[in-house]
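Letter by letter, the chains look like this.
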Amino acid sequence: MSARVETIVLTCRTGSVPAVVSTLEAPLTACAGFLGCWTTELGCLNEIVLLFSAAPENLVLPGHEAGIERIDRQSWSLISDTHPVPGAFGHSYEWRVYDILPGCEEKVTALMDAALPARSVVSPAYAVMVSVDGVSRLAHVWPYEDLADRASKRRQAVETGAWPPKGILPLLGTMKTAILTPVSYSPSH
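Conventions adopted
Residues numbered from 1 in each chain as written. Predicted model: local features only at pLDDT ≥ 70, side-chain atom pairs only at ≥ 80, totals over all residues. Heavy atoms only, no water. Helix = DSSP H or I, 4+ residues; strand = E, 2+ residues; numbered from the N terminus. Rg over C-alpha atoms; globule rule 2.2 N^0.38 Å. Buried < 20%, exposed > 50% of the residue type's maximum accessible area, 1.4 Å probe, protein only. Contact = heavy atoms within 4.5 Å. Areas by Shrake-Rupley, 256 points an atom, 1.4 Å probe, with all protein chains shown as cover. UniProt positions renumbered as here; feature names shortened; annotations may be inferred. Salt bridge = Lys/Arg side-chain N within 4 Å of Asp/Glu carboxyl O. Phe/Tyr/Trp six-rings, centres within 6.5 Å; stacked < 30°, edge-to-face > 60°. Expected span 1.5 Å × (residues − 1). Bend = angle between axes of the 7 residues up to and from the residue. Disulfide = S-S within 2.5 Å. Pairing = 2+ DSSP bridges.

Colleague: Before we go on, may I ask you to explain the overall build of the chain in this structure?
Modeller: The number of helices and strands found in the chain is 3 helices and 8 strands. Mapped from its N terminus to its C terminus, the chain presents α and β elements in the order β-α-β-β-β-β-α-β-β-α-β. A compact globule built from 189 residues should have a C-alpha radius of gyration of about 16 Å, and the chain, at 16 Å, falls within 12% of that. Each of the three principal axes of the chain carries a C-alpha extent, and together these read 45 × 35 × 30 Å. Counting all 189 residues of the chain, 49% fall into the buried class. Once local pairs closer than 6 in sequence are excluded, the contacts in the chain between residues at least 24 apart make up 80%. In the structure as shown, the chain presents an accessible area of about 9,000 Å², 57% of it carried by carbon and sulfur atoms.

Next comes the structure, spelled out in structure tokens:
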């Protein structure tokens, strides 16, 4: 059985993200298994992405009164040798989530697993994972120093043929991407 992680995405009302991030600091930094906290810089704005090796059952998150409009929890199974750990990896993280077409989960996992070694030569992934519950999804998270570093490494990966994994695109549905910035207390930054 592969390792698992859990994400919690908090969608906040406009203008409330700084206050919610501040409110989260004490409870998150006290949690075992807390791996990261990022806010969206580009993409669907006003989101806070939390990553845990396993989110504690007793974690109390701010509610509607603090500016939280929606809380989405997702369990994931990690692919290949990606095992997110705390550390300094970059100032910009690209978070991509794809819907996997019905019946294509095993093929998508195998193609990602096969492609990751060549792609990791250009830049290693922070996490690559498939959903365990809910809608069948693939997600990958790549740390970069900044957006220029991201553009350079993505261009290199495509030009060398290391990315995207050969044959994967027809197996995927819609895609959502965001550029995330770690908050000051994030264990992964």
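After presenting the structure, the write-up continues.
Colleague: Please explain the UniProt feature "domain: NIPSNAP" (unreviewed entry) in the chain as it appears in this structure.
Modeller: When the UniProt feature table is mapped onto this chain numbering, "domain: NIPSNAP" (unreviewed entry) sits at residues 93-187. Annotated as 33% helix and 34% strand, the span residues 93-187 places its first and last C-alpha atoms 13 Å apart.

Colleague: For this particular structure, what's the right way to read the pattern of salt bridges?
Modeller: When the charged atoms of two side chains with opposite charge come close together, those side chains can pair. In the structure shown here, the tally under the stated rule is 8 salt bridges. A salt bridge links Glu94 to Arg150, with the nearest nitrogen and oxygen atoms 3.0 Å apart. One end of the pair, Glu94, is in strand 5 (residues 92-100); the other, Arg150, is in helix 3 (residues 147-159), with 56 residues separating them in the sequence. Exposure remark for Glu94: the relative accessible area of 0% places this residue in the buried category. Within the structure, one salt-bridge network assembled from shared partners comprises Glu94, Arg96 and Arg150.

Colleague: I'm lost on the packing of aromatic side chains in this one. Help?
Modeller: How two aromatic rings sit relative to each other is set out by the distance from centre to centre and by the angle between their planes. Under the criterion given, the structure shown has 7 aromatic pairs. Look at Trp38 and Tyr93: their rings are 5.2 Å apart centre to centre, the planes differ by 55°, and that puts the pair in the tilted class. Note that Trp38 is positioned in strand 2 (residues 34-42) and Tyr93 in strand 5, a separation of 55 residues in sequence. Taken as a pair, Trp38 and Tyr93 share a single burial class, namely buried.

Colleague: What am I meant to see in helix 2 (residues 105-122) here?
Modeller: The periodicity of an α-helix, 3.6 residues per turn, causes residues three or four positions apart to be oriented the same way. For helix 2, spanning 18 residues, the distance from its first C-alpha to its last is 25 Å, which sits close to the expected 26 Å at 1.5 Å a residue. Approximately 45° is the largest bend angle found in helix 2, and it occurs at Leu116, with the proline Pro117 only one to four residues beyond. Buried residues along helix 2 sit in contact with strand 5, strand 6 (127-131), strand 7 (137-144), helix 3 and strand 8 (172-182).

Colleague: Explain the state of the cysteines here, please?
Modeller: Where two cysteines share a covalent bond between their sulfur atoms, that bond is called a disulfide. Tallied over the full model, the rule gives 0 disulfides. Unpaired in this structure, Cys37 has its nearest cysteine sulfur neighbour in Cys12, at a distance of 9.7 Å.

Colleague: How do you make sense of the environment of Val135 when you look at a structure like this?
Modeller: Note on placement: Val135 falls in the loop between strand 6 and strand 7. Judged by its relative accessible area of 43%, Val135 is partly exposed. When the C-alpha atoms of Val135 and Leu101 are compared, they prove to be 9.8 Å apart, with 34 residues separating the residues in sequence.

Colleague: Sorry if this is basic, but what is going on with the pairing of strand 1 (residues 4-12) here?
Modeller: With respect to burial, strand 1 is a largely interior element, 8 of its 9 residues being buried. Direction of pairing for strand 1 relative to strand 4 (residues 68-78): antiparallel, over a ladder of 9 bridges. Of the residues in strand 4, the one forming a bridge with Val9 is Asp72. The pairing of strand 1 with strand 3 (residues 47-52) spans 6 bridges and is antiparallel. Across the sheet, the residue bridging to Ile8 is Leu50, located in strand 3.

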